[in-house]
Number of protein chains: 4
Amino acid sequence: MTDTQDRRPGVLQSLERVGITNLKTLIETDWDGLRFRFTPDIEITIDLPEDRKGVHMSRLIESITESVEEEATRKGSSIEEIGKRILGRLAEKHPYRRGEISMSADLVVYRKTPKSKRKTMEAHSIMVTVIRDGGKYEKILKVKVVGNTVCPHAMSYAGKPHIQRAVGELEIRAGYAKRIDLKDMISAVENSFSCEVYTLLKTEDERAVVEKMFSNPKFVEDVVREIIHNAKKRFGNVRIRAKAVSFESIHRHDVIAEGHA
Amino acid sequence: MTDTQDRRPGVLQSLERVGITNLKTLIETDWDGLRFRFTPDIEITIDLPEDRKGVHMSRLIESITESVEEEATRKGSSIEEIGKRILGRLAEKHPYRRGEISMSADLVVYRKTPKSKRKTMEAHSIMVTVIRDGGKYEKILKVKVVGNTVCPHAMSYAGKPHIQRAVGELEIRAGYAKRIDLKDMISAVENSFSCEVYTLLKTEDERAVVEKMFSNPKFVEDVVREIIHNAKKRFGNVRIRAKAVSFESIHRHDVIAEGHA
Amino acid sequence: MTDTQDRRPGVLQSLERVGITNLKTLIETDWDGLRFRFTPDIEITIDLPEDRKGVHMSRLIESITESVEEEATRKGSSIEEIGKRILGRLAEKHPYRRGEISMSADLVVYRKTPKSKRKTMEAHSIMVTVIRDGGKYEKILKVKVVGNTVCPHAMSYAGKPHIQRAVGELEIRAGYAKRIDLKDMISAVENSFSCEVYTLLKTEDERAVVEKMFSNPKFVEDVVREIIHNAKKRFGNVRIRAKAVSFESIHRHDVIAEGHA
Amino acid sequence: MTDTQDRRPGVLQSLERVGITNLKTLIETDWDGLRFRFTPDIEITIDLPEDRKGVHMSRLIESITESVEEEATRKGSSIEEIGKRILGRLAEKHPYRRGEISMSADLVVYRKTPKSKRKTMEAHSIMVTVIRDGGKYEKILKVKVVGNTVCPHAMSYAGKPHIQRAVGELEIRAGYAKRIDLKDMISAVENSFSCEVYTLLKTEDERAVVEKMFSNPKFVEDVVREIIHNAKKRFGNVRIRAKAVSFESIHRHDVIAEGHA
């Protein structure tokens, strides 16, 4: 008996992306000699030709489960390697031309506070997407980092700025083989704010942060320009998208800027 | 034939709140001679005795639909009157001892900017809850207002504060008959921040806002104390809960304070 | 004195989208002789050339406020006309090449229940985007409609399906002048599910809905194909994107399908 | 010089909860011989007497950071032990009468699929709260589990039910010393649905799930009654709160039930 998924649908229309979203699972990686464990939110999709009614969804799940287990015990695996492994395995289980997998998680990095030099843990949102198109792999890496903006306009006419939390995003699209460290992407964004932020700040640290803020006023437009500038310098010839949103302290709406290079 | 809902359940256990949530509908009110239209998110629940398997959910919906239509054409109706009407009508359709309805919406109020005196529209989150318990009505009114905090600690030791957006909440629980204007509640919260915020600010207005911020530094703790203080003065003998959350510009986490009176 | 925004930035980099997001305001429209009031969430952005440091944000706000007031009193205004009016006015206040405005809101429509023929109100998420590029206008209309899927695979082998809520989306991109009714777009999505859903259902209505569901099993893939098919038939030569997500009742993840035409 | 936090505020008003929210950090536990790593969302608050202007927020952070490091290397540590350790350490750094810490995370557990007996990973939302009041500890454990409901009313009159995803919640409040396994709480909720759900289901598994659903129709009211019943049996004399929400497949709103024991 033919599975319902393999039948011809009533309406002939190919679909670009069919699959599973909001799947949480446990993955383990090994990067620069450190083991990381994530519980990412996963979206995995493949294209569907016009003469097939549906995708066999359980094969997507199996590709994930089996690959995650294999990679967990391997040295030197990264999130994108797990993604590539999953798409490769899926190609053996289910025909497709273009498939993609995105994994979103929190990456915790260690920092020192600026003055008292205490250890602090900082969590950043990351998303790693791997695309397999006609057998060829590409990747999109994205980080979302918290920072701030200090209004240069108010600073210039009043000597007193309004200040607010802002979020900066950097997305890089590159060939799969290109080595890009998410931590370098996070730094590229952090260095674009009026000042980077910290989970722990003792009074002397807070003072240093506030002084840096006041000496470094920026619009969200400035933040986006500098993210792009920093990313070009560090990562060379890749496709870059940057975005910043500031949660204005003098308005109830947010201010947004986006650019690419 | 007995409806399934009216049968005796396998497990005998009374339930406190059974009903419907995330229902959006259109309501119309008339307050101080002005007509308002809202599309609130509604939650309506009643208690269920241990010997009844289920609530007849469609009667909750009918009570809402019929009451909303009636009130739409009536002069002097408020959100809480619609709530009271719904619970009263429901009591005729479905037995219950304690019922409650909450309606969450955005209330848009007109303001003048501080210096250029231009008209601006400001949207605030509100929630109106009406409770009917043994035939007696009570209400809980809540507003959520955007503002800011300016750190008095950094101001005191560095002469330069960190500043951030904050959200203040005021919740008042009172007898149904007590007249309380949501706009007065919004003012009670706005006046508790370092400065109130505006959708539109020309440069001269922005300057006034920034000057006021710097002359009025506050912790979230100060904001909550002042919300409670303002609410006591304006509304007298009612139950008050206040909360403030500030989206710190020097940290990636938020700071929170809550109190009641 | 030159405004800070008009200065030359340190990094030369043009930006595609700079503006304001998460702004809520009150708009009033008049469509087919009916007056509607919305409190949409607005995002408005313009491009910024590489030699300008920032956008004058207050001019974006003024364009919105002034246009909203004018349109409120005009007959025959739609959401997209308000968007066009805002972008046109903005072009007089602030130079830009490409600007866009998106307004997201809930549209409440009246329906009759399938058997008992009672009146019911159904709220749907809509988004209207207007783009002005080199003086020429385009629009993107989007609706997000709740429905359901009934698994044809389980139906075929077990005679018993799993059923779940699903959300269908239809996005149409067309020249500004093309007349497209959001209510027709909503119908195009509703008719693609196993059965349309209702806020109010008496037992006889519920029975009709359940019977229709069982006689009309569909994968999310089927839903997307039919949204596209329906939209092509109704709206002709426009750019169509469709998406469906089903909140599987047998899994904790969601199933997704997307297509375009 | 006195810190600003230690000064007397203008308004005398004690506050119940002051602290930090939406803090993400990395914690490591060891439970039943297995090591777990979480990146929970943390909220930590203490009360503030009326004569103190503010809380020294950095001491809350330090208590977390230092405790997390210590526990990471210890055998037999649970999430609640980390919470207790943090509150104990905080009491040495900052005076308070009542403090509480909540940690929300995803707990991934391994299961076998019902027929094909394949290994599958299931992620559940958990929240662990520890309260320290006058030196005495209490805890609140909460799990949020995905499942489904199959309408017994439609089943009874039409022989065909509507089915939908539902979410069940169980919250247990107990003395700190009481041993309660979050995995047992998850089972108590899973066993209350029409059928438990799985990430991976091959056709034979799916068939078993669908058959079980149809033979086991339940309202959300039934789900809540059974969660309470299961929790009483397993955990004895504790305070229990249960809640279920079903994302109705025939409506655009959700149905809710709550109870306690």
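Conventions used here
Residues numbered from 1 in each chain as written. Chains lettered and ligands numbered in written order. Predicted model: local features only at pLDDT ≥ 70, side-chain atom pairs only at ≥ 80, totals over all residues. Heavy atoms only, no water. Helix = DSSP H or I, 4+ residues; strand = E, 2+ residues; numbered from the N terminus. Contact = heavy atoms within 4.5 Å. Areas by Shrake-Rupley, 256 points an atom, 1.4 Å probe, with all protein chains shown as cover. Lys, Arg positive; Asp, Glu negative; His and termini not counted. Charge placed at Lys NZ, Arg CZ, Asp CG, Glu CD. Buried area = accessible area lost by both parts, 1.4 Å probe. Salt bridge = Lys/Arg side-chain N within 4 Å of Asp/Glu carboxyl O. Polar contact = N/O pair within 3.5 Å; in protein donor to acceptor, adjacent residues only side chain to side chain. Least-squares fit on C-alpha atoms with pLDDT ≥ 70 in both. Buried < 20%, exposed > 50% of the residue type's maximum accessible area, 1.4 Å probe, protein only. Pairing = 2+ DSSP bridges. pLDDT = per-residue confidence, 0-100. Expected span 1.5 Å × (residues − 1). Phe/Tyr/Trp six-rings, centres within 6.5 Å; stacked < 30°, edge-to-face > 60°. Core = buried A, V, L, I, M, F, W, Y, C linked by side-chain atoms within 4.5 Å. Disulfide = S-S within 2.5 Å. Axes fitted to C-alpha atoms, helices over the stretch in contact; angles between N-to-C directions. Parallel < 35°, antiparallel > 145°, perpendicular 65-115°, else oblique. Left-handed = near helix turned anticlockwise from the far one by under 90°. Nonpolar A, V, L, I, M, F, W, Y, C, P; charged D, E, K, R; others polar.

A. Region of the structure containing the overall build of chain A. Scanning chain A for helices and strands turns up six helices and 10 strands. Referenced to the eigenvectors of the C-alpha coordinate spread, the extents of chain A come out at roughly 75 × 40 × 35 Å. At a minimum sequence separation of 6, the contacts of chain A that also span at least 24 residues come to 65%. Accessible surface for chain A amounts to roughly 9,500 Å². Of this, 46% is attributable to carbon and sulfur atoms. In chain A, 46 side chains carry a positive charge and 40 a negative one; their mean positions are 3 Å apart.

B. View of the interface of chain B and chain D. Between chain B and chain D, the contact holds 48 residues from the first and 48 residues from the second. Ranking the residues of chain B by area buried against chain D places B:Q13, B:R225 and B:I256 at the top, with a combined share of 17%. The salt bridge partner of B:D222 is D:K53, with a shortest N-O separation of 2.9 Å. The interface formed by chain B and chain D contains 26 residue pairs in polar contact (both at pLDDT 80 or more).

C. Spotlight on the interface of chain A and chain C. If you look at the interface, chain A gives 48 residues, while chain C gives 48 residues. Buried surface at the junction of chain A and chain C, both sides included, amounts to about 3,900 Å², of which 56% is carbon and sulfur. Interface area lost by chain A to chain C is led by A:Q13, A:R225 and A:I256, which between them contribute 17%. The interface formed by chain A and chain C includes four salt bridges.

D. Representation of the relation of the copies chain B and chain D within the structure. Screw-axis analysis of chain B against chain D gives a translation of 0.0 Å along the axis, an RMSD of 0.0 Å, and a rotation angle of 180 degrees. Both copies are brought into coincidence by an operation consistent with a two-fold rotation axis. In terms of C-alpha distance to the rotation axis, chain B has B:R241 as its closest residue, with the C-alpha 12 Å off the axis.

E. Here's a closer look at the pairing of strand β10 (residues 254-260) of chain A. With six of seven residues buried, β10(A) is to be regarded as a mostly interior element. Pairing between strand β9 (residues 239-246) of chain A and β10(A): six bridges, direction antiparallel. Residue pairing for β10(A): A:K243 is matched across the bridge by A:E258. By the bridge criterion, five bridges tie β10(A) to strand β1 (residues 15-24) of chain C in an arrangement that is antiparallel.

F. How the structure looks around the confidence of the model for chain A. Per-residue pLDDT for chain A averages 95, and the proportion of residues at 70 or more is 100%. We note a pTM of 0.97 for the whole complex and an ipTM of 0.95 for its interfaces.

G. The arrangement of the pattern of salt bridges in detail. Scanning the model with the defined rule gives 143 salt bridges over all chains in all. For the salt bridge of B:R17 with B:E43, the shortest nitrogen-to-oxygen distance reads 2.7 Å. You can see B:R17 sitting in strand β1 (residues 15-24) and its partner B:E43 sitting in strand β4 (residues 41-48), a full 26 residues away along the chain. Overall, B:R17 belongs to the buried group, its relative accessible area being 16%. A salt bridge links C:E169 to C:K144, with the shortest nitrogen-to-oxygen separation between them at 3.9 Å. Here the residue C:E169 occupies a position in strand β8 (residues 163-175), and C:K144 occupies one in strand β7 (residues 136-150), the gap between them amounting to 25 residues. If you follow the salt bridges from partner to partner, you end up with A:R17, A:E43, A:D47, A:R97, A:R98, A:E100, A:D133, C:R241 and C:E258 in one network.

H. Main features of helix α2 (residues 79-93) of chain A. Taking 1.5 Å per residue as the helical rise, α2(A) with its 15 residues ought to reach 21 Å, and the 21 Å between its terminal C-alpha atoms agrees with that figure. Buried within α2(A) are the following residues: A:I79, A:E80, A:I82, A:G83, A:I86, A:L87, A:G88, A:R89 and A:L90.

I. How the structure looks around the packing of aromatic side chains. All told, the structure shown has eight aromatic pairs over all chains when counted by the stated rule. Measuring from centroid to centroid gives 6.1 Å for A:Y137 and A:Y176, while their planes differ by 55 degrees, and the two rings are tilted. Of the two residues, A:Y137 is situated in strand β7 (residues 136-150) and A:Y176 in the loop between β8 (163-175) and α4 (182-190); the sequence distance between them amounts to 39 residues. Of the two residues, A:Y137 and A:Y176, both sit in the buried class. Seen from their ring centres, B:F36 and B:F38 are 6.0 Å apart, and the 10 degrees between their planes marks the pair as stacked. Look at B:F36 and you get buried, because its relative accessible area is 18%. Judged by its relative accessible area of 6%, B:F38 falls in the buried class.

J. Region of interest: the nonpolar core. One finds A:L170 and C:L170 to be the most contacted residues of the largest nonpolar core, which totals 131 residues. Once you skip the residues sitting within four places of it in the chain, A:L170 turns out to touch A:L141, A:K142, A:V143, A:M185, A:A188, A:V189, A:I227, A:A231, A:F235, A:I240 and A:R241. Core analysis: the next-biggest nonpolar cluster, separate from the first, contains 130 residues, A:V108, D:I64, D:A166 and D:L170 among them.

K. The arrangement of the side chain of A:D30 in detail. All names here are of chain A. Structurally, D30 is set in strand β2 (residues 27-31). Reaching out from D30, the side chain makes a polar contact with the side chain of R35 at a distance of 3.1 Å. Those residues in contact with D30 that sit more than four places away from it in its chain are R35, R74, K75, G76, S77 and S78.

L. Looking closely at the state of the cysteines. Tallied over the full model, the rule gives zero disulfides over all chains. With no disulfide of its own, A:C151 lies closest to B:C195 among cysteine sulfurs, the gap being 15 Å. Note on A:C151: relative accessible area 7%, which makes it buried.

M. Representation of helix α4 (residues 182-190) of chain B in the model. Of all the positions in α4(B), only B:L182, B:M185, B:I186, B:A188, B:V189 and B:E190 are classed as buried. Its side-chain oxygen 2.8 Å from the backbone nitrogen of B:K183, B:D181 forms the N-cap of α4(B).

N. Just unusual backbone geometry, in detail. The phi angle at A:D32 is positive, at roughly 55 degrees, despite the residue not being glycine. Within the element layout of this structure, A:D32 appears in the loop between β2 and β3 (34-38). Positive phi, close to 55 degrees, is recorded for B:N22, a residue that is not glycine. Inspection of the secondary structure puts B:N22 in strand β1.

O. Representation of the packing of helix α1 (residues 57-72) of chain A against α2(A). All names here are of chain A. With their axes 8 Å apart at the nearest point, α1 and α2 run at an angle of 135 degrees to one another. Viewed along their axes, α1 and α2 adopt a mutual orientation that is oblique. Of the two possible hands of crossing, α1 and α2 adopt the one that is right-handed. Listed contacts from α2 to R59, L60, E62, S63, I64, E66, S67, V68, E70 and E71 of α1 are E81, I82, R85, I86, R89, L90 and K93. Of the residues assigned to the contact of α1 with α2, the class counts are six nonpolar, two polar and nine charged.

P. Spotlight on the packing of helix α4 (residues 182-190) of chain C against helix α6 (residues 220-235) of chain C. Residue and element names in this part refer to chain C. At a minimum axis distance of 8 Å, the contact between α4 and α6 shows a crossing angle of 145 degrees. Here α4 and α6 pass one another in a crossing that is right-handed. Between α4 and α6, the residues in contact are D184, M185, S187, A188 and V189 and I227, N230, R234 and F235, respectively. Along the lines of polarity and charge, the residues of the contact of α4 with α6 split into five nonpolar, two polar and two charged.

Q. Looking closely at the environment of C:I131. Residues and elements named next belong to chain C. Looking at the element boundaries, I131 is found in strand β6 (residues 119-133). Judged by its relative accessible area of 3%, I131 falls in the buried class. For I131 and G99, which are 32 residues apart along the polypeptide, the C-alpha to C-alpha distance reads 5.8 Å. Sequence-distant contacts of I131, defined by excluding residues within four places in its chain, comprise L87, R98, G99, E100, K136, Y137, E138, I140 and R173.

R. Representation of the side chain of D:D222. Tracing the backbone through its elements, the reader meets D:D222 in helix α6 (residues 220-235). With relative accessibility at 6%, the residue D:D222 sits in the buried group. Separated by 2.9 Å, the side chain of D:D222 and the backbone nitrogen of D:F219 make a polar contact. Other than its neighbours up to four places away in sequence, D:D222 contacts B:K53 and D:P152.

S. Layout of the pairing of strand β2 (residues 27-31) of chain B. All names here are of chain B. Taking burial as the measure, the five residues of β2 include four buried ones, the bulk of the element. With five bridges joining them, β2 and strand β3 (residues 34-38) adopt antiparallel strand pairing. If you follow T29 over to β3, its bridge partner there is F36. Between β2 and β3, which pair antiparallel and follow one another directly, the connecting turn spans two residues, one of which, D32, has a positive phi of 55 degrees.

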